[in-house]
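# Commentary on secondary and tertiary structure
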Amino acid sequence: MSDEEHHFESKGDAGASKTYPQQAGTIRKNGYIVIKSRPCKVVEVSTSKTGKHGHAKCHFVGIDIFNGKKLEDIVPSSHNCDVPHVNRTDYQLIDISEDGFVSLLTENGNTKDDLRLPTDDNLLTQIKDGFAEGKDLVVSVMSAMGEEQICALKDIGPK
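Cut-offs used in this document
- Residues numbered from 1 in each chain as written.
- Predicted model: local features only at pLDDT ≥ 70, side-chain atom pairs only at ≥ 80, totals over all residues.
- Heavy atoms only, no water.
- Core = buried A, V, L, I, M, F, W, Y, C linked by side-chain atoms within 4.5 Å.
- Buried < 20%, exposed > 50% of the residue type's maximum accessible area, 1.4 Å probe, protein only.
- Helix = DSSP H or I, 4+ residues; strand = E, 2+ residues; numbered from the N terminus.
- Contact = heavy atoms within 4.5 Å.
- Pairing = 2+ DSSP bridges.
- Polar contact = N/O pair within 3.5 Å; in protein donor to acceptor, adjacent residues only side chain to side chain.
- Axes fitted to C-alpha atoms, helices over the stretch in contact; angles between N-to-C directions.
- Expected span 1.5 Å × (residues − 1).
- Arc of directions from axis to C-beta.
- Salt bridge = Lys/Arg side-chain N within 4 Å of Asp/Glu carboxyl O.

A few words on the nonpolar core. The biggest cluster of nonpolar side chains holds 14 residues, and the ones touching the most others in it are Leu93, Val102, Leu104, Ile127, Val139, Val141 and Ile150. Elements supplying a minimum of two residues to this core: strand E7 (87-96), strand E8 (101-105), helix H1 (121-132) and strand E10 (135-144). Ignoring any residue separated from it by four or fewer positions in sequence, one finds Ile150 in contact with Val102, Arg116, Pro118, Leu123, Ile127, Val139, Ser140 and Val141. Ala24, Cys58, Cys81 and Val83 belong to the second largest nonpolar core, which has twelve residues in total.

What follows is the structure, given as structure tokens:
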């Protein structure tokens, strides 16, 4: 054995903590699933009968929770699928910068400045109009698999 010590540099995380395994047959409509390495909300599940070789198949149709694209996957119902850890957090909106980033107030009083305005036009105009009118706005931020995006807006009254 050599006497030298091995040094490992962590250059990034393995991505394992971003998802957890769940048996395909137990995933239901309105749940979440990873299809083509994208976190999706399940909008349709259909299960085929067991075939000649014995595996029932689950056909999943999911909508990507960040870009709204429709994705499909077929998995044997006894196999495990990756399910993303999806978190929703509410932050108070402090400021909108000219370059499309928002400044948010976290629960512990710090600011979070690394989020862009949403791409959804309807939500975007609601946020900009409400902010221009000087309303106190609370945005819901959905995060999954290392991505974050503003997904909803609440008006908590005038300042």
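The subject of this paragraph is the pairing of strand E3 (residues 38-47). Relative to E3, strand E2 (residues 32-35) runs antiparallel, the two being bridged by four bridges. Residue pairing in the sheet places Val34 in a bridge with Pro39 of E3. Hairpin connection from E2 to E3: two residues lie between these consecutive antiparallel strands, with Lys36 at a positive phi of about 50°.

The residue Ser97 is located in the loop between E7 and E8 in this model. When its relative accessible area of 27% is taken as the criterion, Ser97 is described as partly exposed. Taking C-alpha positions, Ser97 is 9.5 Å from Leu117, a pair spaced 20 residues apart along the chain. Only 2.4 Å separates the side chain of Ser97 from the side chain of Asp99, close enough to count as a polar contact.

In this section: the environment of Asn110. Locating Asn110 in the fold gives a position in the loop between E8 and strand E9 (111-116). On the accessibility criterion, Asn110 (45% relative accessible area) is partly exposed. Each residue touching Asn110, except ones within four places of it in the same chain, is listed here: Leu104 and Leu105.

Taken in spatial order, the four strands make up an open sheet running E2-E3-E4-E5, and their pairing is antiparallel. Of all the strands in the sheet, the pair left with one neighbour each is E2 and strand E5 (70-76). In this sheet, adjacent strand axes meet at a mean angle of 45° when their direction is disregarded. Strand direction decides the pairing type here: strand E4 (residues 57-64) and E5, joined by seven bridges, are antiparallel. Residue pairing for E5: Phe60 is matched across the bridge by Asp73.

Here the focus is H1. The terminal C-alpha atoms of H1, which comprises twelve residues, lie 16 Å apart, in line with the 16 Å expected from a rise of 1.5 Å per residue. When H1 is considered as a whole, its buried residues turn out to be Leu123, Leu124, Ile127 and Gly130. Looking down the long axis of H1, one finds its buried residues gathered within 145° of arc, a one-sided arrangement. Exposed residues pointing more than 90 degrees away from the buried face of H1 are listed as Asp121, Asn122 and Ala132. Remark: Gly134 follows H1 within two positions and exhibits a positive phi of approximately 80°.

Another point: the pattern of salt bridges. Using the criterion set out here, one finds six salt bridges in the structure. Where Lys112 meets Asp114, a salt bridge forms, and the shortest distance between an N and an O atom there is 3.3 Å. Given a relative accessible area of 49%, Asp114 falls into the partly exposed group. Across the pair Lys112 and Glu148 runs a salt bridge, and its minimum N-O distance is 2.9 Å.

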